[in-house]
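Each chain is listed here by its residues.
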Amino acid sequence: MPLFSSKVDYGLRALLFLASRPVGRPVQSREIAARQEIPESYLNQLLVVLRRSGLVRSVRGAAGGYVLGREARLVTVADVVGALHGQDYLGETTPAPSASPAGWAINKLYTRVNDAVRKELSSTTLADLAAEITRMDEAQSLMLGL
C-alpha cells in the first residue's frame, strides 16, 4: 500500500482547506469536494474516518458542515496517515530476520528509512503545510506581478 495513497492525498487536501478557513466556521463537504477536486462521495467516506479519529468535527444544522477537530499546529501528517491507513502504516518495522551479513545490512537500512519517514511525518503539521502553501502563493503572485 503506498504511503501517499489517494486517501491520504484527499484527506490532507480536505484538512488543509479546513485549516485555511476561519476558526469554528463549518464548511459543507460539497464545497470542500468542489474546491479541492475530490469526488464528493469519496470525501464523505474519508470525513467519517477523520471524524472518528478526532481530526475533524461535524457541526449540525443549516449552517453546519465540518471544522478541524483541533488546531492545525497540533495535527501532524502522521496523525492523518495513521487515521486513514492505520497506525502501522509503514508495515513491519523490519523485514524477516536474517543471519547473513547482507540480511543484517538490509534490516538496518530498512529501520533507518522507516525511522526517517516516521520522524518527518510526525514533525510536519497541517500548519507547516499551510504556511508552505502561503509561501508558494506569494511567490507565484510575485512572478505574475500581482
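Here, every reference points to the structure presented above.
Keep in mind it's a predicted model, so treat the numbers as computed, not measured.

## A closer look at the environment of Arg35
In this fold, Arg35 is placed in helix 2 (residues 29-36). Assessed through its relative accessible area of 54%, Arg35 is described here as exposed. Non-local contacts of Arg35, meaning those with residues more than four positions away in its chain, are made with Phe17 and Arg21.

## Quick look at the pattern of salt bridges
Between side chains of opposite charge, a pair can form when the charged atoms approach closely. Following the criterion strictly, the structure yields four salt bridges and no others. A salt bridge links Glu31 to Arg35; its shortest N-O distance comes to 3.5 Å. One end of the pair, Glu31, and the other, Arg35, are both in helix 2, four residues apart, so they sit about a helical turn from each other. With a shortest N-O distance of 2.9 Å, Arg73 and Glu71 are connected by a salt bridge. When its relative accessible area of 53% is taken as the criterion, Arg73 is described as exposed. Classification of Glu71 by relative accessible area gives partly exposed; the value is 45%.

## Comments concerning the pairing of strand 2 (residues 65-68)
Each regular strand carries side chains that alternate between the two faces of the sheet. With four bridges connecting them, strand 1 (residues 56-59) and strand 2 associate as antiparallel partners. Counterpart to Val59 in the pairing with strand 2 is Gly65. Joining the antiparallel neighbours strand 1 and strand 2 is a turn of five residues, in which Gly61 adopts a positive phi near 110°.

## Digging into the packing of aromatic side chains
With the rule as written, the count across this model stands at one aromatic pair. Taking 5.6 Å as the distance between ring centres and 80° as the angle between the ring planes, the aromatic pair formed by Tyr10 and Tyr42 counts as edge-to-face. With Tyr10 in helix 1 (residues 6-19) and Tyr42 in helix 3 (residues 40-52), this residue pair connects regions lying 32 residues apart in the sequence. The exposure class of Tyr10 is buried, given its relative accessible area of 18%.

## What to know about the packing of helix 2 against helix 3
Between helix 2 and helix 3, the least distance of the axes is 9 Å, while the angle of their chain directions is 120°. Our classification of the angle between helix 2 and helix 3 gives oblique. For the element pair helix 2 and helix 3, the recorded crossing hand is right-handed. Of the residues in helix 3, those touching helix 2 at Ser29, Arg30, Ile32 and Ala33 are Glu40, Leu43, Asn44 and Leu47. Residue composition of the contact of helix 2 with helix 3, by class: four nonpolar, two polar and two charged.

## Considerations on the environment of Val77
Along the chain, Val77 turns up in helix 4 (residues 77-85). Using a relative accessible area of 4% as the deciding quantity, one classes Val77 as buried. Sequence-wise, Val77 and Leu12 are 65 residues apart; in three dimensions their C-alpha atoms are separated by 7.8 Å. Not counting chain neighbours up to four residues away, the residues in contact with Val77 comprise Phe4, Leu12, Leu121, Thr124 and Leu129.

What counts as what
- Counting from 1, residues in each chain are numbered in the order their sequence is written.
- Only residues with pLDDT of at least 70 get local features here, since the model is predicted, and only at 80 or more are side-chain atom pairs given and counted; chain-wide, interface and lining totals rely on the full set of residues.
- As a rule here, side-chain values cover all heavy atoms of the structure and leave hydrogens and water aside.
- Numbering goes from the N terminus for both helices and strands, where a helix is a DSSP run of H or I of at least four residues and a strand is a run of E of at least two.
- Relative accessibility under 20% of the residue-type maximum defines a buried residue, over 50% an exposed one, and the middle range a partly exposed one, all with a 1.4 Å probe and only protein chains included.
- What makes two residues a contact is simply this: any of their non-hydrogen atoms within 4.5 Å.
- What counts as a salt bridge is simple: a side-chain nitrogen of Lys or Arg found within 4 Å of a carboxyl oxygen of Asp or Glu.
- At least two DSSP bridges between two strands are required for those strands to pair.
- Two aromatic rings, drawn from Phe, Tyr or Trp (for Trp, its six-membered ring), form a pair once their centres lie within 6.5 Å of each other, and the interplanar angle then sorts them: stacked below 30 degrees, edge-to-face above 60, tilted otherwise.
- Helix axes are fitted only over the stretch in contact, all axes being lines through C-alpha atoms; the angle between N-to-C directions runs from 0 to 180 degrees.
- Working rule for angles: under 35 degrees goes down as roughly parallel, over 145 as roughly antiparallel, 65 to 115 as roughly perpendicular, anything else as oblique.
- The sense of a crossing depends on the near helix, which, turned anticlockwise from the far helix by less than a right angle, makes the crossing left-handed and, turned clockwise, makes it right-handed.
- For this classification, Asp, Glu, Lys and Arg are treated as charged, while Ala, Val, Leu, Ile, Met, Phe, Trp, Tyr, Cys and Pro are nonpolar and the rest, including Gly, are polar.

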